[in-house]
Amino acid sequence: MRVNTTITTAPSFEPITTAQAKAHLRIFHSLDDTYLAASTSGSTSIITTARMMIENYCGIAIPNTTFTSVYDSFPQNTPLQGSSNEVYNGSGYEIALPRSPLVSVTSVQYVDTAGNTQTLSASTDYTTKSYNGIGRIQLLDGKTWPSLIGGGAGVVTVVYVAGWGSSATAIPIALKHAILMQCSTLYDYRSTLAPGQQYEVPGTIKALIAQYKSGEYQ
């Protein structure tokens, strides 16, 4: 079951302030403040870029973020007995959400056989569960996944919120420190690396954030 996930509503804050980043980087001037500062306007920001790199590596959201995940189908209506993927990757009987930790599900919509968009009811059609932060949408007893329009891509749409909190104080300290360390890497290396070198999240940061990585989506 293929899925494409986009950010619907970006975070309203960054876990790290410009002052905290400057203290970590030992910057004692203001020449690079704009380059470092959190950005909501799309301008260059080391803090925002570092946070997004950590999120993408772990498969998580750090500040609360609204996502839209679009699927090409519903899961099958009954679990496969003994299947290794009936729980983990959404190809069994439930919808697994790609970003964690889950905060809430806003809506589950689909395109029916007549080509009309319908919305499932959280009170009568499905329930939402979270296992180790990973959100799952499961049918209520006696319910089946609806029939979909044939040959359509992106016929099931789920809007949901994932993240560790709505304020910087709610973010785990290890994730904050990982962002600071990634800021240091981005600040020191402002261009592509030499031939043969691979630019990625450094090993020390990987060890720091290992417990937050969404293992089922590695």
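Right above here is the structure, for reference.
Residues numbered from 1 in each chain as written. Predicted model: local features only at pLDDT ≥ 70, side-chain atom pairs only at ≥ 80, totals over all residues. Heavy atoms only, no water.

Student: What exactly am I supposed to notice about the sheet that holds strand β5 (residues 117–119) here?
Tutor: Strand order in the open sheet made by the five strands is β1-β2-β8-β4-β5, with antiparallel pairing throughout. Of all the strands in the sheet, the pair left with one neighbour each is β1 (3–9) and β5. On average, adjacent strands in this sheet sit at an angle of 25° to one another, irrespective of strand direction. When strand β2 (residues 65–71) meets strand β8 (residues 156–162), the two strands line up antiparallel, connected through seven bridges. (Pairing = 2+ DSSP bridges. Helix = DSSP H or I, 4+ residues; strand = E, 2+ residues; numbered from the N terminus. Axes fitted to C-alpha atoms, helices over the stretch in contact; angles between N-to-C directions.)

Student: Explanation requested: helix α3 (residues 46–58) in the structure shown.
Tutor: Because the α-helix completes a turn every 3.6 residues, residues three or four places apart line up on one side. Spanning 13 residues, α3 covers 18 Å between terminal C-alpha atoms, matching the ideal 18 Å at 1.5 Å per step. Listed as buried for α3 are Ile 46, Ile 47, Thr 48, Ala 50, Arg 51, Ile 54, Glu 55 and Cys 58. For α3, the secondary structure elements touched by its buried residues are α1 (18–25), α2 (33–36), α4 (173–188) and α5 (203–209). A distance of 3.1 Å separates the backbone nitrogen of Thr 48 from a side-chain oxygen at the start of α3, and that oxygen is part of Ser 45. (Expected span 1.5 Å × (residues − 1). Buried < 20%, exposed > 50% of the residue type's maximum accessible area, 1.4 Å probe, protein only. Contact = heavy atoms within 4.5 Å. Polar contact = N/O pair within 3.5 Å; in protein donor to acceptor, adjacent residues only side chain to side chain.)

Student: What exactly am I supposed to notice about the environment of Ala 168 here?
Tutor: Considering the arrangement of structural elements, one finds Ala 168 in the loop between β8 and α4. Sequence spacing of Ala 168 and Phe 13 is 155 residues, and the spatial spacing of their C-alpha atoms is 7.6 Å. Apart from the residues within four sequence positions on either side, Ala 168 is in contact with Phe 13, Glu 14, Pro 15 and Lys 176.

Student: Whenever I open this one, the pairing of β8 confuses me. Can you help?
Tutor: Each regular strand displays side chains that alternate between the two surfaces of the sheet. Counting buried positions along β8 gives six out of seven residues, so the element sits mostly inside the fold. Two elements, strand β4 (residues 102–111) and β8, share seven bridges in a ladder whose sense is antiparallel. The residue bridging Leu 102 from the neighbouring strand is Ala 162, located in β8.

Student: Just checking my understanding: could you explain the sheet that holds strand β6 (residues 126–131) for this structure?
Tutor: Think of a sheet as strands paired side by side through backbone hydrogen bonds, with each pair either parallel or antiparallel. With antiparallel pairing, three strands are arranged side by side in an open sheet as β3-β7-β6. This sheet does not close on itself; its edge strands, each paired only once, are β3 (95–96) and β6. Sheet topology places β3 next to strand β7 (residues 134–139); two bridges connect them, and they run antiparallel. In the strand pairing of β7, Ile 95 is matched with Ile 137.

Student: Got a minute to help me understand α1 in this structure?
Tutor: Burial in α1 covers these residues: Ala 21, Lys 22 and Leu 25. End-on view of α1: buried residues confined to an arc of 100°, all on one side of the axis. Of the exposed residues in α1, those oriented more than 90 degrees away from the buried face are Ala 19 and Ala 23. Buried positions along α1 lie against α2, α3 and α4. (Arc of directions from axis to C-beta.)

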